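# Tertiary structure, described
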Amino acid sequence: VNIFVLISGYFLCNSEIKLKKIFKLILQVDFFSILFYLIFAGIENAITVGGFFENLFAIFFEKYWFMTAYVVMYLFSPILNLLIKKLNKRSHFIVLLSGVILFFALSFVPKIDFIVNIGWFFSLYLIGAYIKNYQFTFLEKIKTYHYLIGFFMFYVLIVLFHFYLNINLSALTNPVGLMWALCLFLCFKNLNIKNIKSLNFVASLTLGIYLIHDNNYVRNYIWNEFFKCG
């Protein structure tokens, strides 16, 4: 999630909002949400007008928390871009650092997940834009394999803390998880990858895959009933 939003901030900070794109995004979300509601609720003979209405407006009812947060971020991107243009390098860094600290702290407050998710996405957007707009000479000197080493070091740290201390450093708003994502993001930023049609084709299918397997009904069926590895 962190990497995907960093990529979005990196590219959207110098782009204009396209309502056609957001409309297509919402249609895809609604399609899969309604489809699986009708299938699973239909099997249990539990289809209701209210249930259908909720899945028809899946973004508004946060059927997929990520898509809801992403759509809000995308709609606010013109305002974020305006803010970015008004800020100098130092102010930009202070704002994004304040956002990371603030929403990491707020993540421990119960029942405000939606606000935290949106705020964290805004912070990630600002980080992606910062990397895009300000070329660091010291970052350019760091080799790709150094970022890979950093990525695996953070991975080992996350695994050790999880198994021995039961602390989740890979949580969405955790700074360690953010550094983990940044290492991989910067690793690929420095690679000169040409346009590969087959890769782009596979990439174009990933949103649909997410909308299928992370649907509330399908997720429960796959992991708890079919594979029984919940």
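The residue numbering used here restarts from 1 in each chain and proceeds along that chain's sequence as written. This being a predicted model, a pLDDT of at least 70 is required before a residue's local features are given, and a value of 80 or more before pairs of side-chain atoms are given or counted; all residues contribute to the totals for chains, interfaces and linings. As a convention, hydrogens and water are excluded, and side-chain values are obtained from all of the structure's heavy atoms.

### A few points about the packing of aromatic side chains
- What counts as a ring pair is set by centres within 6.5 Å for rings of Phe, Tyr and Trp (its six-membered ring), and what kind of pair is set by the plane angle: stacked under 30 degrees, edge-to-face over 60, tilted for all other angles. All told, the structure shown has 29 aromatic pairs when counted by the stated rule.
- Measuring from ring centre to ring centre gives 6.1 Å for Trp 65 and Phe 121, while their planes differ by 65°; the resulting arrangement is edge-to-face. Of this pair, Trp 65 sits in helix α4 (residues 65-86) while Phe 121 sits in helix α6 (residues 113-133), placing them 56 residues apart in sequence.
- Overall, the relative accessible area of 31% leaves Trp 65 in the partly exposed class.
- Judged by its relative accessible area of 0%, Phe 121 is buried.
- Clustering of aromatic rings is evident, with ring pairs tying together Phe 31, Phe 32, Phe 36, Tyr 37, Phe 40, Tyr 217, Tyr 221, Trp 223, Phe 226 and Phe 227. To qualify as a helix, a DSSP run of H or I must reach at least 4 residues; to qualify as a strand, a run of E must reach at least 2; elements of each kind are numbered from the N terminus. A simple rule labels every residue: compare its accessible area, found with a 1.4 Å probe on the protein chains alone, to the largest value its type can have, and call it buried under 20%, exposed over 50%, or partly exposed in between.

### Structural notes on the nonpolar core
- Residues Met 67 and Ile 127 are the most contacted members of the largest nonpolar core, which totals 48 residues.
- A per-element tally of this core places α6 first, with 10 residues.
- Contacts are residue-level and defined by heavy atoms, with any inter-residue pair within 4.5 Å sufficient. Setting aside anything within four residues of it in sequence, one finds Ile 127 in contact with Leu 6, Leu 96, Val 100, Leu 178 and Leu 182. Here, the term nonpolar core denotes a set of buried Ala, Val, Leu, Ile, Met, Phe, Trp, Tyr and Cys residues that are joined through side-chain atoms within 4.5 Å.

### Focus on the pattern of salt bridges
- Any Lys or Arg side-chain nitrogen found within 4 Å of a carboxyl oxygen on Asp or Glu counts as a salt bridge. For the structure on display, the rule yields two salt bridges.
- A salt bridge links Glu 54 to Lys 63; its shortest N-O distance comes to 2.9 Å.
- You can call Glu 54 partly exposed: its relative accessible area is 31%.
- The closest approach of N and O atoms between Asp 214 and Arg 219, which form a salt bridge, is 3.1 Å.

### Quick look at a nonpolar patch on the surface
- Without a salt bridge and with relative accessible area above 30%, a residue can belong to a patch; like charges are then joined within 9 Å and nonpolar side chains (Val, Leu, Ile, Met, Phe, Trp, Tyr) within 5 Å. In these tables, accessible area is a Shrake-Rupley quantity obtained with a 1.4 Å probe, and a residue counts as shielded only by the protein chains included in the view. Taken together, the side chains of Leu 148, Phe 152, Tyr 155, Val 156, Leu 160, Phe 163, Tyr 164, Leu 165 and Ile 167 make up a nonpolar region of the molecular surface, amounting to roughly 960 Å² of accessible area.
- By the secondary structure assignment, Leu 160 is in helix α8 (residues 144-165).

### Overview of the layout of surface pockets
- Using only the protein atoms, space was sampled on a 1 Å grid; points where a 1.4 Å probe fits but cannot get out form cavities, open sets with protein on both sides within 12 Å along at least five of seven lines form pockets, and lining residues are those with an atom within 4 Å of a point. Grid points are joined across faces, edges and corners, and a volume is the space filled by probe spheres set on the points. What the largest pocket holds in volume is close to 1,400 Å³.
- Forming the walls of the largest pocket are 33 residues, and the residues nearest its centre are Phe 4, Ile 7, Ser 8, Ala 203 and Thr 206.
- Every element with two or more residues in the lining of the largest pocket is listed here: α1 (2-12), α2 (19-43), α4, α9 (175-189) and α10 (197-213).
- Taken together, the residues of the lining of the largest pocket sort by class into 22 nonpolar, six polar and five charged. For this classification, Asp, Glu, Lys and Arg are treated as charged, while Ala, Val, Leu, Ile, Met, Phe, Trp, Tyr, Cys and Pro are nonpolar and the rest, including Gly, are polar.

### Digging into the environment of Phe 32
- By secondary structure assignment, the location of Phe 32 is in helix α2.
- Counting along the chain gives 61 residues from Phe 32 to Phe 93, while the straight-line C-alpha distance between them is 39 Å.
- Contact partners of Phe 32, with chain neighbours within four places excluded, come to Tyr 64, Gly 208, Leu 211, Ile 212 and Asn 215.

So yeah, pure geometry; function would need other evidence.
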